[in-house]
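Below, each chain spelled out in residue letters.
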Amino acid sequence: MRKSSLIAFSLLLSGVLFAGEKEELTFLNDLYGQKRYNEAIQQSKKFIKNYPESLQRFSVDERLAKTYYVRKDYTKSLENFKNILSTYQLTTEQANEYYYYIAKCYLQLEESEKVAETIKKIDKKSVYYERAFYDMGIIYLDRDDYDNSFKTFKNLAVNGNVFKNPATFNMALTAYNDGKYQLVIDILNSYVTLKDKNR
């Protein structure tokens, strides 16, 4: 009798714990839905502490790392993405995505050598490889670093596939912001000429 009571109590307790986990996850999703990111970060950390073995742990860790990035806390974002890479068994494309974010974090933290090292870890056939370079160009452009921005976009315009066209237009935008108006005209004319040839 005692044994059956103990089993029943254990099942009841595990049900309560599962309900608590589910409720916390629902609350966390609501916070993200309402864009209450500071609270979502705190709730995510609480969830990870309370349920370290949860099946939802990976998705909570991933969202936390991306939230830190969006909130421009690049040091914490970097730390969390590195933790994900070392903790979980990932698909190749998941790893490519996280290395892409890590490269962007390093760039935002102005650690150029580590950016180059990290990009080498991204599969060249992955969309994240080109995307990493494209976003690098955007970050340089936002910083008014026109030389690096132009070089990055030019490399993509010549060698890229997916980002070839947007890179070309951003080359022109970079040249415009740098006051090189004739270069803008030359870039756009060569783009139109090349497009006409490929019709």
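Rules behind the numbers
Residues numbered from 1 in each chain as written. Predicted model: local features only at pLDDT ≥ 70, side-chain atom pairs only at ≥ 80, totals over all residues. Heavy atoms only, no water. Core = buried A, V, L, I, M, F, W, Y, C linked by side-chain atoms within 4.5 Å. Buried < 20%, exposed > 50% of the residue type's maximum accessible area, 1.4 Å probe, protein only. Helix = DSSP H or I, 4+ residues; strand = E, 2+ residues; numbered from the N terminus. Contact = heavy atoms within 4.5 Å. Salt bridge = Lys/Arg side-chain N within 4 Å of Asp/Glu carboxyl O.

Asks: Run through the nonpolar core, naming residues and quoting values.
Replies: Counting 36 residues, the largest nonpolar core has Phe81, Ile119 and Met136 as its most contacted members. Elements represented by at least two residues in this core include exactly α3 (57-70), α4 (74-87), α5 (92-108), α6 (112-119), α7 (127-142), α8 (146-159), α9 (164-177) and α10 (181-197). If sequence neighbours within four positions are ignored, isoleucine 119 has contacts with Ala103, Tyr129, Ala132, Phe133 and Met136. Core analysis: the second largest hydrophobic core is formed by 12 residues, Tyr32, Ala40, Ile48 and Leu64 among them.

Asks: Please give an account of the pattern of salt bridges that cites residues and values.
Replies: Within the structure shown, the criterion is met by 7 salt bridges. Across the pair glutamate 39 and arginine 36 runs a salt bridge, and its minimum N-O distance is 2.6 Å. Looking at glutamate 39, the relative accessible area reads 39%, which means it is partly exposed. Of the charged contacts in the structure, one is a salt bridge between lysine 104 and aspartate 135, with a shortest N-O distance of 3.3 Å. Separated by 31 residues along the polypeptide, lysine 104 in helix α5 and aspartate 135 in helix α7 bring together distant segments of the chain. Each member of the pair lysine 104 and aspartate 135 is classed as buried. Shared partners join several salt bridges into a network, and the residues in it are Glu62, Lys66 and Glu97.

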